[in-house]
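# An overview of the molecular structure
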Amino acid sequence: MAHGLKSASTALLSEDSLREPATRKQLGQFFTPDGVADFMASLLATRPDEVDLLDAGAGAGSLTAAAVRRFCGLPAPPRRISVTAYELDPRVIGNLRETLSESGRLCQARGIVFSAAVHNEDFIAAAAGMAGRGLFDAAPRRFNVAIVNPPYRKIRSDSPARQLLRSAGIETSNLYTGFVELITMLLAEGGELAAITPRSFCNGPYFRPFREHLLATMSLRRIHVFESRSSAFRADAVLQENVIFHAVKGAPRPRRIIISTSSGAPGDPVTERKVDFSQVVSPDDPERFIHLVVDDAHAKAKAAMGRLSATLGELGLTASTGRVVDFRARPHLRQSPGPDTAPLIYPCHFAGLFVAWPREKARKPQAIVSNERTIDLLVPAGLYVLVKRFTAKEERRRVVASIYDPERVPAPMVGFENHLDYFHLQGRGLPMPLAKGLAAFLNSTVVDVFFRQFSGHTQVNATDLRSLPYPPKAALEALGRKIDGSDLSQEQIDKLVDEVLF
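These notes cover the structure that comes with them. (Residues numbered from 1 in each chain as written. Predicted model: local features only at pLDDT ≥ 70, side-chain atom pairs only at ≥ 80, totals over all residues. Heavy atoms only, no water.)

### Describing the packing of helix α3 (residues 62-72) against helix α4 (residues 93-109)
Contact geometry of α3 with α4 gives a least axis separation of 10 Å together with a crossing angle of 5°. On the basis of the axis angle, α3 is roughly parallel to α4. Contact with α3, carried on its side by T64, A65, V68, R69 and C72, involves T99, L100, S103, L106 and C107 of α4 and no other residues of that element. (Axes fitted to C-alpha atoms, helices over the stretch in contact; angles between N-to-C directions. Helix = DSSP H or I, 4+ residues; strand = E, 2+ residues; numbered from the N terminus. Parallel < 35°, antiparallel > 145°, perpendicular 65-115°, else oblique. Contact = heavy atoms within 4.5 Å.)

And the structure:
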């Protein structure tokens, strides 16, 4: 099924014009284009006679306006719509009130009783107080509809926002998950939520508490993937992939869920497919990663990887993050190797299947002093499979692996910089067939496509690597023995992986 994201001109002023970029960045807020707002409102499926709508971080009110248009356009519209809007920035409050007045006039024309309360205050401070009330306090107000584009900004562990969230029993490192979790706590049973957020919550250890809360509290009905923020949010220089999700509080988990995708540009088609919920969240996954199977290629990769059952532990392997944080170890770093140094490996040393060190005219330090003060930053010489923790947007693969071979870089110790993950056998190197097989597997298209199902950014954490399913050790070694010392093309890698593993 395909349809388009239409652009409807609703706000009296463009939301993007209401704040300076520095202000938007400071607040972590990116305003919602009208077409996206209308699409989000179209996901609201229930038909309550009385709508109590919450819009946290309302901006100029485009999401509320879209929801009101949605309800007013129903053949049997609700009898009453009550809006509660929170917006911290006083500079957009006037426009928010005007947007709500326009929504009130639309409701009046349809015979709907309309009311709106605008709160020019911090939603987290207000909602954490409501959600954290004790047994004998008055019950907080409950909403049956929430539509939100929350602020996206990391929060320090010692910040007031973090402390307020903890007072409500919420542990998170980003404002957007804090907003969403508070909203779910304020929803009535059967209440609906339509939210647009970064898709970073789908994986990673930092967002695991949020995933567990969301999946335990809400019944996910639909997830829509924007391939890039550069299309959906053209006015803001934010490129992380986003998702819109629709969920119902306290409802039974559906057997199937709709996964849809689009570029986010106005008028571009939206494609959708229904998949089993177990394909989105595996019941056997303790991390509760959320996989977004958006097309046939993703489905094939999911099925292929589903046939692999080995874990890193069963392979005897561990994935760790490089120990050398260069800005902290700066006094010990050297631009060129010397008699008292060990090689320092960065992503720039990746050169196909094997690491090439040192690199001519490298901007990064290429060595680290090897002594008793740095010994904990180094690992003994051996064959290690390295993976870039961060890849450029234009790189073909998200997971990029290369082998550190002590025969090519002769040294008793080596340092791996913090922008690398590395695979090891209890702190030591791997046998060559296993190293080659593992590197080829990680560099395959099937792993890349599978990885993109739960990761919408260019970071590859060691936790992500630990969560992947792997082939048996014998299969990886068999794959490695088919690889000689030369580099392979992507087509050759994929052919070998398919023949040996699948």
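### Comments concerning the pairing of strand β4 (residues 113-119)
Bridge analysis of strand β3 (residues 80-86) against β4 gives seven bridges, and the strand direction is parallel. Counterpart to I81 in the pairing with β4 is F114. (Pairing = 2+ DSSP bridges.)

### Some remarks on the packing of aromatic side chains
Tallying each qualifying case throughout the model produces 15 aromatic pairs. Their ring planes at 70° and their centres at 5.3 Å tell us that Y86 and F123 sit as a pair that is edge-to-face. Of this pair, Y86 sits in strand β3 while F123 sits in helix α5 (residues 123-131), placing them 37 residues apart in sequence. Taken as a pair, Y86 and F123 share a single burial class, namely buried. Between F451 and F454 the ring centres are 5.1 Å apart and the planes differ by 65°, which places this aromatic pair in the edge-to-face class. A single burial state applies to F451 and to F454, both of which are buried. One aromatic cluster in this structure is built from F289, F450, F451 and F454. (Phe/Tyr/Trp six-rings, centres within 6.5 Å; stacked < 30°, edge-to-face > 60°. Buried < 20%, exposed > 50% of the residue type's maximum accessible area, 1.4 Å probe, protein only.)

### Notes on the nonpolar core
Of all hydrophobic cores here, the largest spans 82 residues; its most connected members are F123, L193, F201, I223, F245 and L292. Per-element accounting of this core gives the leading share, seven residues, to helix α7 (residues 175-186). In this structure, L292 is in contact with R199, C202, I223, V225, V243, I259, H298 and Q453, ignoring residues within four places of it in sequence. (Core = buried A, V, L, I, M, F, W, Y, C linked by side-chain atoms within 4.5 Å.)

### A short note on the environment of G104
By the secondary structure assignment, G104 is in helix α4. By relative accessible area, G104 is classed as buried at 16%. Put simply, G104 and A65 are 39 residues apart on the chain and 9.5 Å apart in space, counted from C-alpha to C-alpha.

### Digging into the sheet that holds strand β13 (residues 341-345)
Read from one edge of the open sheet, five strands run β12-β16-β13-β20-β17, paired in mixed fashion. Unpaired on one side and paired on the other, β12 (333-334) and β17 (378-380) mark the two borders of the sheet. Pairing geometry for β13 and strand β20 (residues 413-416), over two bridges, is parallel. In the sheet register, L344 faces β20, and the bridge partner there is G415.

### Considering unusual backbone geometry
Here the residue pair W357 and P358 is connected by a cis peptide bond, since its omega of -5° sits within 30 degrees of zero. Position of P358 relative to the elements: it lies in the loop between β15 (354-355) and β16 (367-369). Of note, the phi angle at K361 is positive, near 55°, even though the residue is not glycine. Residue placement: K361 occurs in the loop between β15 and β16. According to the relative accessible area criterion, K361 is exposed, its value standing at 83%. With phi around 50°, Q426 is a residue other than glycine that occupies positive phi space.

### Let's talk about the side chain of K388
Among the secondary structure elements, K388 is positioned in strand β18 (residues 384-388). For K388, a relative accessible area of 13% gives the class buried. Apart from residues lying up to four places away in sequence, K388 is in contact with P347, F350, E395, V400, H419, L420 and V460.

### Observations concerning the environment of R255
Among the secondary structure elements, R255 is positioned in the loop between β8 (242-249) and β9 (256-262). Considered as a pair, R255 and S278 are 23 residues apart in the sequence and their alpha carbons are 8.1 Å apart. Not counting residues up to four positions away in its chain, the partners in contact with R255 are V275, D276 and F277.

### What about the packing of α7 against helix α8 (residues 208-217)?
The geometry of α7 relative to α8 is characterised by a closest axis approach of 11 Å and an angle of 25° between their N-to-C directions. The pairing of α7 with α8 is recorded here as roughly parallel in orientation. Between α7 and α8 lies a crossing whose hand is left-handed. Across the interface between the two elements, T177, V180, E181, T184 and M185 of α7 pack against F210, H213 and T217 of α8. (Left-handed = near helix turned anticlockwise from the far one by under 90°.)

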